[in-house]
Amino acid sequence: MSKFHREHLTTELLLGLLLALLAALALPGRSYAKLPPRPAPRSTPTPLPTSVPGGFIGLSAAPSELPLWAQVQWLAGDGRWYDVDGWAGAPDESGQLRWYV
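Note that the structure is a prediction, hence the values are computed from the model and not measured.

### Some remarks on the overall build of the protein
A count of helices and strands for the protein gives 1 helix and 4 strands. The order of helices and strands in the protein, counted from the N terminus, is α-β-β-β-β. Residues classed as buried in the protein amount to 11% of the 101 residues present. Across the protein, every contact between residues at least 6 apart in sequence was considered, and the portion connecting residues at least 24 apart equals 47%.

### Structural notes on the pairing of strand S3 (residues 81–89)
Direction of pairing for strand S2 (residues 70–75) relative to S3: antiparallel, over a ladder of 5 bridges. Along S3, the bridge assignment pairs Ala 70 with Gly 89. Between S2 and S3, which pair antiparallel and follow one another directly, the connecting turn spans 5 residues, one of which, Gly 79, has a positive phi of 85°.

### Points about the nonpolar core
In terms of nonpolar packing, the biggest core is built from 5 residues, these being Ala 70, Val 72, Trp 87, Leu 97 and Trp 99. Ignoring any residue separated from it by four or fewer positions in sequence, one finds Ala 70 in contact with Leu 59, Trp 87, Ala 88, Gly 89, Leu 97 and Trp 99.

### Notes on the confidence of the model for the protein
Looking at the protein as a whole, its pLDDT mean stands at 78, while 78% of the residues score no less than 70. When pLDDT is averaged over each helix and strand of the protein, the minimum, 76, is found for helix H1 (residues 3–26) and the maximum, 88, for S2.

### A closer look at the packing of aromatic side chains
Applying the stated criterion across every chain, the model contains 3 aromatic pairs. Ring plane angle 70° and centroid distance 5.4 Å describe the contact between Phe 56 and Tyr 100, whose orientation is recorded as edge-to-face. You can see Phe 56 sitting in strand S1 (residues 56–60) and its partner Tyr 100 sitting in strand S4 (residues 96–100), a full 44 residues away along the chain. Looking at Phe 56, the relative accessible area reads 37%, which means it is partly exposed. Between the aromatic rings of Trp 87 and Trp 99, the centroid separation amounts to 6.4 Å while the plane-to-plane angle is 15°, which identifies the pairing as stacked. One end of the pair, Trp 87, is in strand S3; the other, Trp 99, is in strand S4, with 12 residues separating them in the sequence. Grouping residues by exposure puts Trp 87 and Trp 99 together as buried. The ring of Phe 56 is capped by Arg 98, whose NZ or CZ atom sits 3.9 Å from the centre of that ring.

### Topic: a nonpolar patch on the surface
Judged by side-chain polarity, Leu 15, Leu 18, Leu 19, Leu 21, Leu 22 and Leu 25 come together as a nonpolar surface patch covering roughly 630 Å² of accessible area. Note on placement: Leu 15 falls in helix H1. Leu 15 sits in the partly exposed class, given a relative accessible area of 48%.

### Quick word on the environment of Trp 99
Looking at Trp 99, the relative accessible area reads 8%, which means it is buried. It is 9.5 Å that separates the C-alpha atoms of Trp 99 and Gly 89, two residues lying 10 residues apart in sequence. Ignoring anything within four residues of it in the chain, the contact list for Trp 99 reads Gly 55, Phe 56, Ile 57, Leu 59, Ala 70, Val 72, Gly 86, Trp 87, Ala 88 and Gly 89.

Analysis parameters
Residues numbered from 1 in each chain as written. Predicted model: local features only at pLDDT ≥ 70, side-chain atom pairs only at ≥ 80, totals over all residues. Heavy atoms only, no water. Helix = DSSP H or I, 4+ residues; strand = E, 2+ residues; numbered from the N terminus. Buried < 20%, exposed > 50% of the residue type's maximum accessible area, 1.4 Å probe, protein only. Contact = heavy atoms within 4.5 Å. Pairing = 2+ DSSP bridges. Core = buried A, V, L, I, M, F, W, Y, C linked by side-chain atoms within 4.5 Å. pLDDT = per-residue confidence, 0-100. Phe/Tyr/Trp six-rings, centres within 6.5 Å; stacked < 30°, edge-to-face > 60°. Lys NZ or Arg CZ within 6 Å of the ring centre and 35° of its normal. Patch = residues over 30% accessible without salt bridge, like charges linked within 9 Å, V, L, I, M, F, W, Y side chains within 5 Å. Areas by Shrake-Rupley, 256 points an atom, 1.4 Å probe, with all protein chains shown as cover. Salt bridge = Lys/Arg side-chain N within 4 Å of Asp/Glu carboxyl O.

What follows is the structure in structure tokens.
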């Protein structure tokens with residue numbers, strides 16, 4: 001193959017690639033499938049009535065860990081732990097235990 005033919009072939013190849021690139025850029029964007037709908041937001045918990053003073057302390061345990069026993073304690077300034085009277089018990093079958101404060 002002569003030098004002229006090689007240069008001519010190289011020029012045609014480069015022009016062809018350039019035209020293909022320009023054609024690809026001119027085409028409209030690819031169409032993608034629409035995303036699935038988002039799940040509906042969960043309802044927010046209903047707050048306790050404001051006429052009830054206080055609140056609850058809750059303990060949650062995995063049902064597979066049952067049976068359990070819980071005792072609430074407080075740490076005194078002397079470094080000793082003291083039980084809180086009335087704040088002890090076993091979680092229910094779902095692993096929940098609540099104390100009123």
